[in-house]
Structure formats: C-alpha cells, structure tokens
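Listed below, chain by chain, are the residues.
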Amino acid sequence: MLGAEWYVGYMLFGMLVIYPFIRTMREYYIKYIASTLVIVLYGYFSVNYHTVMGSNSKIQTFAGLLLEISTYAVSREMTSWIGRIHITPIKWIIRIYPLAMICAFLAYINSELDTSVQPLLVRLFVFALSIVFCKEGLLSHTGIFDHKIVYWLGKMNLTIYMIQNITRILVIHLMKGKSIPMMYVAELLTTIICGMLAYYIIDNTKKCKTFKN
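On inspection of all chains with the given rule, the structure shows one salt bridge. A salt bridge links Arg26 to Glu27, with the nearest nitrogen and oxygen atoms 3.8 Å apart.

What follows deals with the environment of Ile18. Tracing the backbone shows Ile18 in helix 1 (residues 3-24). Residue Ile18 is classed as buried on the basis of its relative accessible area, which comes to 6%. Placed 47 residues apart in sequence, Ile18 and Leu65 show a C-alpha to C-alpha distance of 8.6 Å. Once residues within four sequence positions are removed from consideration, Ile18 is found in contact with Tyr29, Phe62, Leu65, Leu66 and Ile69.

With that out of the way, let us pick up the confidence of the model for the protein. Should pLDDT be low for a region, the predicted coordinates there are not to be read in detail. On average, residues of the protein carry a pLDDT of 76, and 76% of them reach 70 or more. The spread of mean pLDDT over the elements of the protein runs between helix 6 (residues 138-142), the lowest at 57, and helix 8 (residues 157-174), the highest at 83.

In this section: the nonpolar core. Generally speaking, nonpolar side chains in soluble globular proteins are found buried as a group. Counting residues in each nonpolar core, the largest one holds 17 residues, and the members touching the most others are Ile18, Tyr29, Tyr42, Leu66, Leu67 and Ile69. Contributing elements (two or more residues each) for this core: helix 1, helix 2 (26-48), helix 3 (57-83) and helix 5 (118-133). Residue contributions to this core peak at seven residues, all from helix 2. Setting aside chain neighbours within four positions, we find Ile69 in contact with Ile18, Ile22, Tyr29, Ile30 and Ala34. In this structure, Phe105, Tyr108, Leu121 and Ala128 belong to the second largest nonpolar core, which totals five residues.

Taking 1.5 Å of rise per residue, 18 residues should cover 26 Å, and helix 8 covers 24 Å from first to last C-alpha, within 8% of that figure. At Gln164, helix 8 shows its largest bend, some 45°. Buried residues of helix 8: Thr159, Ile160, Ile163, Asn165, Thr167 and Val171, and no others.

Quick look at the packing of aromatic side chains now. Summed over the entire model, instances satisfying the criterion amount to four aromatic pairs. When the ring of Phe13 is compared with that of Phe62, the centres are 6.2 Å apart and the planes differ by 75°; the resulting orientation is edge-to-face. Note that Phe13 is positioned in helix 1 and Phe62 in helix 3, a separation of 49 residues in sequence. The class for Phe62 is partly exposed, based on a relative accessible area of 23%.

Cut-offs applied
Residues numbered from 1 in each chain as written. Predicted model: local features only at pLDDT ≥ 70, side-chain atom pairs only at ≥ 80, totals over all residues. Heavy atoms only, no water. Salt bridge = Lys/Arg side-chain N within 4 Å of Asp/Glu carboxyl O. Helix = DSSP H or I, 4+ residues; strand = E, 2+ residues; numbered from the N terminus. Buried < 20%, exposed > 50% of the residue type's maximum accessible area, 1.4 Å probe, protein only. Contact = heavy atoms within 4.5 Å. pLDDT = per-residue confidence, 0-100. Core = buried A, V, L, I, M, F, W, Y, C linked by side-chain atoms within 4.5 Å. Expected span 1.5 Å × (residues − 1). Bend = angle between axes of the 7 residues up to and from the residue. Phe/Tyr/Trp six-rings, centres within 6.5 Å; stacked < 30°, edge-to-face > 60°.

Quick look at the structure:
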C-alpha cells in the first residue's frame with residue numbers, strides 16, 4: 001500500500017475517534033488537550049524512533065490530526081499579535097517564512113539528511129502553517145490563490161495527493177543526479193498533470209455510470 005493511501009484511510013479513522021471530543025468540549029480540547037497530546041506523541045517518536053514521520057502509523061495518525069488542531073489554535077492567537085506588528089522588516093520575514101519552509105521541506109524530501117532533523121522541521125513547519133492560516137503569508141497577501149485556476153486545482157487535490165508518491169518516485173528515478181530546483185519543477189508538473197488525468201478519468205467514469213442508470 002502506498003503512503004498516501006494508508007494516510008487517507010488512517011486519517012478517516014482518526015477523525016471518527018476525535019470528532020466526538022471536539023463536539024462535546026471544543027475549546028478545552030483545542031486549547032489544552034490537543035496541544036498536550038501533540039507534545040507527548042511527538043516526544044515519544046523523537047525519543048524512541050528519532051523520527052516523526054514513517055514510524056508507528058496508528059500513533060502517527062492521531063499525532064498528525066492533533067498537530068493540525070494545535071496549529072489552528074496557534075493561528076487564532078497569532079492573528080491578533082501579528083496585526084499589532086508595525087515594523088516592516090519583521091512583517092516581511094513573517095510573510096516570506098512559510099514559503100521558505102515549503103522549500104526547506106521539499107529539499108529535505110529529496111535529500112539524504114538524517115531523520116533526526118524531523119522533530120525540528122515539524123516545529124518550524126507548524127509555525128509556518130499558523131502564519132498561512134492567519135492569511136499573513138506572502139502568497140496570501142498577493143491574492144495569487146484567489147483565482148479560478150486555484151479553485152479548479154482544489155477540485156483535484158485528492159487525486160493529486162494520492163498520486164504524488166508515484167510521480168515523486170518516477171521523477172527521482174528518471175532525473176537522478178539533476179539539480180534540486182529542476183527536480184522541484186519536474187515533480188510539481190508531473191504530479192499536477194497525472195493528478196488531473198486521474199481526476200478526469202474518475203469523473204468521466206462516474207458520469208458514464210450515472211448516465212447508464
């Protein structure tokens with residue numbers, strides 16, 4: 001089973017378990033329970049596996065979901081204090097930071113760095129996601145995502161996500177030894193194109209079945 005496939009399956013199960021708690025104790029769960037469990041679970045990974053990705057799949061599922069909840073909680077708090085910053089250089093650093101972290105993660109995925117750096121990368125990435133959720137990132141301010149093309153790609157995000165492992169492995173195999181920027185572009189374009197093809201194949205298949213019925 002591919003990584004993306006197990007991830008979606010486990011995430012659906014994890015959400016089924018967590019959802020009742022959010023319904024019954026939303027604010028308390030988001031602010032305190034989720035953040036505490038994130039520290040415990042990722043601390044467990046760091047100590048026992050020296051990694052936070054690709055270890056225990058079941059625990060990793062809940063850790064990932066709780067991390068997302070904690071990131072949302074952090075972003076709510078950040079919205080207010082970022083708005084009070086009036087020093088232009090600091091604002092620009094905050095806005096560029098999420099984009100820089102995306103590049104850093106892509107570089108890590110295509111590198112042979114030791115897994116011991118994963119806990120640090122996760123912490124840095126959480127901060128980057130919090131900025132994105134606050135709509136304080138550079139791309140959010142440019143309005144580049146507020147476009148029909150982006151919404152169109154949004155319809156295909158699941159197929160693009162599900163096919164990313166195949167395309168990434170294919171590109172790495174075919175472009176072994178090429179520069180990292182060239183591999184970024186190749187991975188991005190290949191994944192989007194294959195994801196689009198998969199989306200339309202599935203969509204047309206569904207339409208054909210509906211038409212026959």
